[in-house]
Amino acid sequence: MSLDGSVDRRKQPQTPSAGNGNGNRNGVVEDDKLTLGRSPNESHKPESYEDLKLEFSPLLFSSLEQYLPSNVLNLSRDLKLQYMRHILVRYSPEGERTRVQRHREYRKKIISNYQPLHRELYTMHAVNFFVPSFLKAINDNTKESLRSIMIEPSPGVYTFEMLQPHFCELLLSEVENFERWVHETKFRIMRPNTMNKYGAVLDDFGLETMLDKLMEDFICPISRVFFPEVGGSTLDSHHGFVVEYGMDRDVDLGFHVDDSEVTLNVCLGKQFSGGELFFRGIRCDNHVHSGTEQEEILDYSHVPGRAVLHRGRHRHGARATTSGRRVNLLLWCRSSVFRELKKYQKEFSSWCGECQREKKERQLLAVGATKLELLNRLQKSTS
Ligand SMILES: [Zn+2]
C-alpha cells in the first residue's frame, strides 16, 4: 500500500470499523495491522498539523492522534502522520471521496459555462412532457390505472406510451447543442458508462433536478406497484443519460445488467432501423451468467416516445442499429435502502429466475423423497 492513496480497494474492508483486533504489540507497524484505540488517550497532547497541506483536515489528524496505540504515540510527527493516513485511506472509501469531489467540480465547470438551449426542459412541466394517457394513469395512481396503459411482453418488462413527440425533439436538440458545445470548447466529457463511447450524462449539464422529479413523481408510483421486491418503493437516487447509436456512433451494446434497481429506457427518436432491445431473464449476482429459458427471451423494437421499464437485474442488450441514428433516454433508478438490506439478508433473490428454478427443484426433490419414504413404509407394513 502506498501513501498516495493507490490502495488495492478489493483488500479494503467493506464496513469500516475502528480497530480490527490485531494489535501491534512489537511496535512493528504492518499495513494490515494498523489499529486505533477504543477510547482516546486524554492525557496525550496531540501535535498540530495545520502547517501541512493534507487531503484530510489537519484537525482530523490532531483528534485522531489521541486514539493511536501507545507505541506509536511517541514516534515523530511524520511517522504518526503516515500511520494515520494509512488508516484513513483504508477506513474511508478514499477513491470514492476524491471521485465524488472531482465529479462535483466537473459538473460545476460545465454548468457555469454551458448555455442551455431549451430552458423549459430544466424544470418539470408534466403536461408538456408526457402524453395524456400516461399522466392520467399516474394521477389516478391505482394498480388498475397503471395496468391499463401497460403492455408486459415478457414477465417483468413493461412498455407504455410516455413522452410527447415535441418533448423528445427538444431533448434531442438540447443534447445536440451540448455535444456541439463540448466539441467547440474541446471540453473533455465523461461518457455515461463504460460501455458507451457516445452519449451524454444529462445530470452533468443541469438536468439533475428535473430527472429527480421524474423519478420521484412518475417512476416511483409505477415501480412501487410492479417492482416492490427490488426497492421499487424506495428509489432515492438516479443516473440519467442519453445513448446514441448509429453507424458513426455506438453500434450495439453487449449483454449486461444495469447498476440500477429499476431502469427506464425511452427512445427519443430519430429515424433508424435495427437497434432492438433484447431481454434474457432476471438474475442475481450469483446467476448472472446462467442459461436462458425459452419464456425469458424477448426482442423489443423501440418506438419513439414509448418507455420500457424493467429491473436493473434483467439481463439485456441492444442489437446493432443498422441505419440512421437512434437516441435513447436512460434513467437508472436506485434505492439505497434496498442496497443496504441486500448486504445483510440471505434469501434476497426471490426475483432471480435461476434462484426460483433452484428452489422449485429442491421442493420437487423433497416431495419425491417424501413420496418414496411413504411408499417404503407402506410396503413394510403390508409385508
Ligand atoms: Zn439467483
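Residues numbered from 1 in each chain as written. Predicted model: local features only at pLDDT ≥ 70, side-chain atom pairs only at ≥ 80, totals over all residues.

Engineer: How would you sum up the overall build of the protein? Please name residues and give values.
Structural biologist: Secondary structure summary: the protein contains 11 helices and 12 strands in total. For the protein, buried positions account for 29% of its 383 residues. Considering only intrachain contacts with a sequence separation of at least 6, the fraction spanning at least 24 residues in the protein is 79%. (Helix = DSSP H or I, 4+ residues; strand = E, 2+ residues; numbered from the N terminus. Buried ≥ 20, exposed ≤ 12 C-beta atoms within 10 Å, placed from the backbone. Contact = placed C-beta atoms within 7 Å.)

Engineer: I'd like a description of the nonpolar core, backed by residues and values.
Structural biologist: Core analysis: the biggest nonpolar cluster contains 54 residues, and Leu202, Ile219, Val242, Val266, Leu331 and Cys333 have the highest contact counts within it. Looking at this core element by element, the count peaks at seven residues for helix 9 (residues 208-226). The residues touching Val242, leaving out its near neighbours within four places in the chain, are Val175, Gly199, Ala200, Leu202, Val327, Asn328 and Leu329. (Core = buried A, V, L, I, M, F, W, Y, C linked by C-beta atoms within 7 Å.)

Engineer: Would you mind going over the sheet that holds strand 5 (residues 253-256) in detail, with residue names and values included?
Structural biologist: Strand order in the open sheet made by the four strands is 5-11-8-9, with antiparallel pairing throughout. Here the strands that pair on one side only, and so sit at the sheet edges, are strand 5 and strand 9 (297-300). When strand polarity is set aside, the average angle formed by the axes of neighbouring strands in this sheet is 15 degrees. Pairing of strand 8 (residues 277-282) with strand 11 (residues 314-318) involves four bridges; the strand directions are antiparallel. Bridging across to strand 11, Ile282 finds its partner in His314. (Pairing = 2+ DSSP bridges. Axes fitted to C-alpha atoms, helices over the stretch in contact; angles between N-to-C directions.)

Engineer: Residue-level account of helix 1 (residues 58-65), with values.
Structural biologist: Buried residues of helix 1: Phe61, Leu64 and Glu65, and no others. Burial along helix 1 is one-sided: seen end-on, the buried residues are contained in an arc of 100 degrees. Along helix 1, exposed side chains directed more than 90 degrees from the buried face belong to Leu59 and Ser63. (Arc of directions from axis to C-beta.)

Engineer: Explain the confidence of the model for the protein to me, using residue names and the numbers behind them.
Structural biologist: Regions with low pLDDT should not have their predicted coordinates read in detail. Confidence along the protein averages 85 in pLDDT terms, with 89% of residues attaining 70 or more. Note that pLDDT drops below 50 for residues 1-32; the model gives that stretch 33 contacts with residues more than four away or on any other chain. (pLDDT = per-residue confidence, 0-100.)

Engineer: Can you lay out the environment of Arg283 for me, pointing to particular residues and giving the numbers?
Structural biologist: Examined against the element boundaries, Arg283 turns out to sit in the loop between strand 8 and strand 9. Distance in space between the C-alpha atoms of Arg283 and Arg313 is 5.7 Å, their sequence separation being 30 residues.

Engineer: So what about unusual backbone geometry? Which residues, and what values?
Structural biologist: The phi angle at Lys186 is positive, at roughly 55 degrees, despite the residue not being glycine. Its place among the elements puts Lys186 in the loop between helix 8 (165-185) and strand 3 (200-201).

Engineer: Report on the pairing of strand 4 (residues 237-246), specifying residues and quantitative values.
Structural biologist: Along strand 4, nine of the 10 residues are buried, which leaves the element largely enclosed by surrounding structure. Relative to strand 4, strand 3 runs antiparallel, the two sharing two bridges. Counterpart to Val201 in the pairing with strand 4 is Phe241.

Engineer: Explain the pairing of strand 8 to me, and be specific about the residues and the numbers.
Structural biologist: As paired elements, strand 8 and strand 9 share four bridges and run antiparallel to each other. Considered in strand 9, the bridge of Phe278 is made with Asp299.

Engineer: Give me the lowdown on the environment of Glu179, citing residues and values where you can.
Structural biologist: Mapped onto the secondary structure, Glu179 falls in helix 8. Between the C-alpha atoms of Glu179 and Tyr198, which are 19 residues apart in sequence, the distance is 9.8 Å.

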